[in-house]
Structures are given as structure tokens and as C-alpha cells.
Amino acid sequence: MQYQTYLEQLVVSNAVSKITVLTNDFVSRPFDAFMQIYRHVHDGAPEPDAVCIEDCDSWDDVLEKIEHDARLELAFILGILDLAKEGICQAAIDGDLDSDMNQLDMVAMIELGAL
């Protein structure tokens, strides 16, 4: 992962929040905490002060777990988005799309796309 898209940053932030304990200064900035870990492991930057780690022996292990969890979550979300796209396409083909896209029921589109 290159962590460039907003979605990539969201899944990494979620993984950081699940795998580590964020210090008070970083509770609302988990991606910044991730970057501290990443720079520490890859660039030899100082040990991160943004997080406390649990159940891991090294920062390398923490980074690996975060990246693994983020990849799984990203794949899951992209799969759901594909279902939504398929549902929207099917609804358009069937002539069931309302012109007011603000009223679009995305959950219904996912269900339709799963058929």
C-alpha cells in the first residue's frame, strides 16, 4: 500500500486504532501515529511516542500487523463498493434509478449488486 488515497489512510488509521493504544495527542490522528511507526521501522527515525504497543515484540511486528489488517479491510471495502456499483448499474438498466441521487439507497444498491 502506498497510503496516498483517503481510503487507504482510513483503513490504516482504523488498523492503528485496533492494534495499538494511541497516546492522548494522537487519538484523533491515528494516521500520523502510523507514519511515526513507519518512519521508525523504515528510516531509523526515533521510536514512536504516539502509540503504546500491546501483544507485539517489536515495531516491525506492529507495522506488519497494521499493514496486514489494513490490506484486508481495504479489500473488504473495495468489494462492497463493487457490489454498490453493480447494483447502481443494474438499477439504471432496469430504469429504477431516481434522478435525485441524494435519495439513492446505497444499502439497497449493494443488495441488488450481490444478486
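Residues numbered from 1 in each chain as written. Predicted model: local features only at pLDDT ≥ 70, side-chain atom pairs only at ≥ 80, totals over all residues. Heavy atoms only, no water.

> Quick question: what am I supposed to make of the environment of Ser-17 here?
By the secondary structure assignment, Ser-17 is in helix α1 (residues 6-19). Spatially, the C-alpha atom of Ser-17 lies 9.3 Å from that of Ile-66, the residues being 49 residues apart in sequence. Sequence-distant contacts of Ser-17, defined by excluding residues within four places in its chain, comprise Leu-22 and Pro-30. (Helix = DSSP H or I, 4+ residues; strand = E, 2+ residues; numbered from the N terminus. Contact = heavy atoms within 4.5 Å.)

> Help me understand the packing of α1 against helix α2 (residues 30-43), please; the structure alone is not making it clear to me.
The interhelical angle for the contact between α1 and α2, taken along N-to-C directions, is 80°, at an axis separation of 8 Å. As summarised for this structure, α1 and α2 are arranged roughly perpendicular, according to the angle between their axes. Every residue of α2 that contacts α1 at Gln-9, Val-12, Ser-13, Val-16 and Ser-17 is listed here: Pro-30, Phe-31, Ala-33 and Phe-34. Grouping the constituent residues of the contact of α1 with α2 by class yields 6 nonpolar, 3 polar and no charged. (Axes fitted to C-alpha atoms, helices over the stretch in contact; angles between N-to-C directions. Parallel < 35°, antiparallel > 145°, perpendicular 65-115°, else oblique. Nonpolar A, V, L, I, M, F, W, Y, C, P; charged D, E, K, R; others polar.)

> What is the right way to look at helix α3 (residues 59-94) in this model?
Given 3.6 residues to a turn, an α-helix orients residues that are three or four positions apart in the same direction. Taking 1.5 Å per residue, 36 residues should reach 52 Å; α3 reaches 52 Å between its end C-alpha atoms and fits that length. Here α3 has its buried residues at Trp-59, Val-62, Leu-63, Ile-66, Glu-67, Ala-70, Glu-73, Leu-74, Ala-84, Gly-87 and Ala-91. Looking at the buried residues of α3, the elements they touch are α1, β1 (20-22), α2, β2 (51-53) and α4 (106-114). Gly-95, located one to two residues past α3, shows a positive phi value of around 75°. (Expected span 1.5 Å × (residues − 1). Buried < 20%, exposed > 50% of the residue type's maximum accessible area, 1.4 Å probe, protein only.)

> Explain the nonpolar core here, please?
Residues Val-12, Val-16, Ala-33, Phe-34, Ile-37, Val-51 and Ile-66 are the most contacted members of the largest nonpolar core, which totals 21 residues. Sorting the residues of this core by element identifies α1, α2 and α3 as the ones contributing at least two each. For this core, the leading source of residues is α3, giving 6 residues. (Core = buried A, V, L, I, M, F, W, Y, C linked by side-chain atoms within 4.5 Å.)

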